[in-house]
Amino acid sequence: MSATTNAPQVYGGDEVGAVVLDAGSFSTRAGYAGEDSPRYVIPSYYGYNEQKKGDLVEDTALDYASITYKTNYKRREYTYFGDESIHVPRSQTQIKPIIHDEIIEDWDAAIEMFDYLFNNLNADIEEQPVFMTEPVWNTKVNKLKSLEVFLEFFKTPGFYLGKAPSCTAFAAGRPNSLIVDIGHNVTSVTPVLDGMCLSKNTMKTHYGGGFLDAQLRCSFMQRGIDLIPRFQINSRTFTKYSLEQLQAKQKVEPQFQTSSLVPENITESFKEFENQRIYNEMKESLIVVPETPISDSSKFDYQSRYFELPNGLQVEFGDERYNIANSLFEPTNFINFWKKHPEYHHDDDFDWSTGENGELDELDINNDYVPLKRGKKKEDTAEYSEGGPVASDGTGTNNNNKPSNSSAASKNAKVAGLSSLINKTISALDVDIRQQVAHNIVVTGATSLVPGLTDRLFKDLGDTNPGLKIRIHASGNTSERKYQNWIGGSILSSLGIFHQLWVSKQEYEEVGGERLITERFR
Amino acid sequence: MSSHDILDVFNVQRSEPPKKKKKIEPKKQLSGINRELYQLLGENTPALHLKPTSKFRKRLDTNSKAAAWRWVKFKNNSRDDGLQLSHWMKGIGPSPEKYQFEQYNQKLKLPDPDDVTYERLIKENDEENDWTCEETKYLFKMCKLYDLRWIIINDRYNYQGPARSLEDLKQRFYSVCQKILIDENKILKEAGILDENKTKLIDALNFDKSKEIDRKKYLERLLGRSPAEIAEEESLVIEARRFEQAAQKMLAERAALLHLLDSPASTANISQYSNSQGLAQLYNSLMFTDKSKKRKQEQDTAVTSSAGMATDSKKLNKKQQQQQPQQSQQQPEIISPQQTTPQPENPVAQLLSKKLTAQEEAAYGLSYHAERLQPGVHLRSSKIASYKPSVQTKVNSTLNELGIPNRPAMISKKIVERFDILTDAITTLLETKKQIDSIETEQNLVWNSQ
Ligand SMILES: Nc1ncnc2c1ncn2[C@@H]1O[C@H](COP(=O)(O)OP(=O)(O)OP(=O)(O)O)[C@@H](O)[C@H]1O
Ligand SMILES: [Mg+2]
């Protein structure tokens, strides 16, 4: 906090101690405006202890009518937040998501999570305004709810919902750009003009980090390996499981002893949550995006690599390393595989082959026929079930796409990979800004850290758009890439000229939420 | 190790002995590693010496009192709700009346059609009659909200009515603005205070929707080119530029030629040379420059001779070497006539000196040549005339076109003669063609430029 009030500094900063929240579907980031990285990054999940809840005589934690946040609010006794407590194995404790598709689904848990963060940040929330990021497709209901929660329940002096891509554009220093955010649940492509998102041109799919997780899980299932999370293991001896052994259908038994300290009745969701840390590690160190698309027939040179599981099993991965990462660009390969082998579909799995509204049977994914002449423009003419333009309820911009239209289109829809999603977005833009936007493609989100991703993207886009000069900007700094949304929010809410945009309690009461969300949160 | 040692190691000759005293400035005595480094520079002293003016890091000033910073509430007058936030402020004085960032809260001034003006000005003879007053007002509100960023307005435009394109919105906005401005102008005119800029603005508001759509179509086509098309276009552009340059060069040459043909216009005043005194002066100055030039040359040679003995002797050797081949070249010239002049005593020569008929000569294969021959045997094919490589290739290609081999297969004397005549003709014709081409292009250019 070093802004002087006497002379404006070059960047025009004036900090008011705002708290910045960036709630993603994988992790939630929180910190103070003006700082260069979030202070707390916690999972967007919470532990829910059913046993403890059952024992409670009286549960008043959610009785908001009788609670004031500052004086008598207390988190539920049977919920757990933050890395240091959520990973502790407890019996009958479910892990539940708070946020889905970047939209807060479980508001009770979200309030608890924010309380957890505010406490950790030592924030005096009645004195400090709160800046929160929101996706372009945020719903009106959700926006109104956030206004209500922050202004009426937390009683923050000011509250603002900033569009996540706008924040990224700020963090990247490119007011006119195309923000490609490859996160956990969602991969989205958003054109930003003068720092404002074009909601009608925003596209999203579900092929992000979670999609890769599902494939990694599947490749263990195919090998017949039961993943044992680290907390269950006491000691182990290393055992190799090579590709040759896999091909020879040889079974390899891991040598390990389970820990006796683990309580009974550990839930499946907790195990899966802990396994996700293995997938995470694999995504960081194992998978690689190949330089060129992989068609089913062609074989390509690959280097195999061993990955060590918590139970001491060292598993060799060959072309899967490339295939899995490649699925971000060509999701159809895996979707077809799952269609053929439903046994590899995990119960909790999201139905990847469909969008939010597409029907599996009627999807015509295999139809690769494209008239010769139009072959190059394949992406432009095809319709997608996933990756349709999103329209937020809040601004209600959906008057051009008739709903009847979109359901008809989904019948012979095609699943969009990352490159075609971007291509489609660019070609749908107004011609006047197309060049500029193509020259400022900002790649962000933690899944974009998979090695080779930006190179492949650059090649794909260059091939399909010869008339445009493509430039991709991806921060080389890992934490910057992961937290770019938050950083942008931190910059934005520490600017002197921003302070007229906070929505205050008084305004909220006078003007009303409905009008505020359309006119203020633009 | 000093600079001299280094220079010696690299065997670098110094033109003059280094002057020790001069280099060391009395003001600044360098010490330690700095001095060593400085000496490494040798005579390449930097042209500009910058003395570091500021220390890299300011020393902490512990004597002065720390500035007071306070966490104070402030009011931002850009807001209507009087929200008070807190920030850090330096000093202890009262907080300023105005928030420093208020000044950046700027809004566009746009016309604001209300119901009355709409009824009065826009409703009747409205060409775009599918627009209602409500929607027009909504459009203006959006324009104001998004500061005329059309693409964003189009993105957020959400009115229950007919679907509107970006161009529709623009056209509506500009036409309504125009109408309102014309009305304002009328009032101003009546009052007698007409603003020139406003009249200009009204003209500028003529928005042609179809033109805009066409422009976008063209742009779209431009962006949708295939790589082959782009490559072709680039090569065409390069070629066009080359043509342009050639034309320019030719015009310049032509202009220079014409300039030469004109009588040279003297640039300086010649009146001072009109009398004998002036002429003498001119003569003297010319003499002087001439002499000084000569002297310079002499000096140059003197310098080379005064350089070390070794180089001198080398030069001498070289000179001798150069002279020797010259002599050896001259020798055969002297000897050859002796060899070729027939000995009168030789009987064969006597026979030859007898006149033979042309028939006999042909039969014996005898020939006489006017030019002096080189001694020794040579092949007749080596006598075929050859040209500069550039010309030769052209000749060869012409021969190819005609279906004649580049070298005759049977090299008899007659064939070689004829072949020489042929190639001679070809070169002449090629040259002529080139001239004609250039004159033609010149002509075209002159005609075109007129
Ligand atoms: N170094 C890495 N390489 C590859 N993947 C990574 C890396 N680090 C994290 N991930 C993965 O990235 C995903 C999280 O990305 P990110 O934090 O951008 O998501 P989010 O913003 O929380 O989610 P979303 O944007 O979908 O709402 C997780 O699936 C995680 O496993
Ligand atoms: Mg994200």
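Looking at an unreviewed UniProt entry, one finds chain B named SWR1-complex protein 4 and attributed to Saccharomycopsis crataegensis. Under the UniProt heading Subcellular location (unreviewed entry), the entry covering chain B gives this text: "Nucleus". The heading Sequence similarities (unreviewed entry) in the UniProt record of chain B holds the text "Belongs to the SWC4 family."

You'll find chain A entered in an unreviewed UniProt entry as Arp4 protein, with Saccharomycopsis crataegensis given as the organism. Taken directly from UniProt, the Sequence similarities (unreviewed entry) text for chain A runs: "Belongs to the actin family."

Structurally, the position occupied by S86 of chain B is in strand β2 (residues 84-90). Here S86 of chain B is in contact with E15 and V16 of chain A together with W71, V72, K73 and F74 of chain B, once residues within four sequence places are set aside.

Tracing the sequence through the fold places K240 of chain A in strand β16 (residues 239-241). When the C-alpha atoms of K240 of chain A and E253 of chain A are compared, they prove to be 9.5 Å apart, with 13 residues separating the residues in sequence.

Next up on the list: the site of ligand 1. Residues and elements named next belong to chain A. Around ligand 1 sit 20 residues, and of these S25, E102, H184, N280 and K283 come closest. Measuring from an oxygen atom of ligand 1, one finds a backbone N or O atom of F26 at 2.9 Å. One nitrogen or oxygen atom from the side chain of E102 is found 2.8 Å from an oxygen atom belonging to ligand 1. Protein coverage of the free-state accessible area of ligand 1, which is 650 Å², stands at 95%. Along the lines of polarity and charge, the residues of the shell around ligand 1 split into 5 nonpolar, 10 polar and 5 charged.

Take the interface of chain A and chain B next. Reports often express the size of an interface as the amount of accessible area lost when the parts come together. Contacts between the two partners involve 53 residues from chain A, matched on the other side by 43 residues from chain B. Here chain A and chain B share an interface that buries about 4200 Å² over both sides, 53% of which is from carbon and sulfur atoms. Between the two partners, chain A and chain B, sit 8 salt bridges. Across the salt bridge formed by E519 of chain A and K141 of chain B, the nearest N and O atoms sit 3.8 Å from each other.

The next point concerns the pairing of strand β1 (residues 19-23) of chain A. Residues and elements named next belong to chain A. Taking burial as the measure, the 5 residues of β1 include 5 buried ones, the bulk of the element. Across the two faces of β1 the burial is the same, with V19, L21 and A23 and V20 and D22 all buried. When β1 meets strand β2 (residues 27-32), the two strands line up antiparallel, connected through 5 bridges. In the sheet register, A23 faces β2, and the bridge partner there is T28. Where β1 lies against strand β9 (residues 130-134), 3 bridges are found, and the strand directions are parallel. Within β9, the residue paired with V19 across the bridge is V130.

Rules behind the numbers
- Starting afresh in each chain, residues are numbered from 1 along the sequence in its written order.
- Chain A is the first chain written and ligand 1 is the first ligand written, with later ones labelled in order.
- This being a predicted model, a pLDDT of at least 70 is required before a residue's local features are given, and a value of 80 or more before pairs of side-chain atoms are given or counted; all residues contribute to the totals for chains, interfaces and linings.
- Hydrogens are left out, water is left out, and the side-chain values use all remaining heavy atoms of the structure.
- UniProt positions are given in the numbering used here, feature names are shortened, and annotations may be inferred rather than shown by experiment.
- Helix and strand definitions here come from DSSP, where helices need a minimum of 4 consecutive H or I residues and strands a minimum of 2 consecutive E residues; each element is numbered from the N-terminal end.
- Throughout, a residue-residue contact means that at least one pair of heavy atoms, one from each residue, lies within 4.5 Å.
- What makes a residue near a molecule or strand is one non-hydrogen atom of that residue sitting within 4 Å of it.
- Under the rule applied, a polar contact is a pair of N or O atoms within 3.5 Å (in protein, one hydrogen donor and one hydrogen acceptor; residues adjacent in sequence only if both atoms are side-chain atoms).
- Accessibility throughout is a Shrake-Rupley quantity obtained with a 1.4 Å probe, and a residue counts as covered only by protein chains that appear here.
- Just so you know the grouping, Ala, Val, Leu, Ile, Met, Phe, Trp, Tyr, Cys and Pro go in nonpolar, Asp, Glu, Lys and Arg go in charged, and all remaining residues, Gly too, go in polar.
- As a working definition, buried area equals the accessible area (1.4 Å probe) given up by two parts on being put together, with both sides summed.
- The term salt bridge refers to a side-chain nitrogen of Lys or Arg lying within 4 Å of a carboxyl oxygen of Asp or Glu.
- Relative accessibility decides the category of a residue: with a 1.4 Å probe and only protein chains considered, values under 20% of the type maximum give buried, values over 50% give exposed, and everything between is partly exposed.
- At least two DSSP bridges between two strands are required for those strands to pair.

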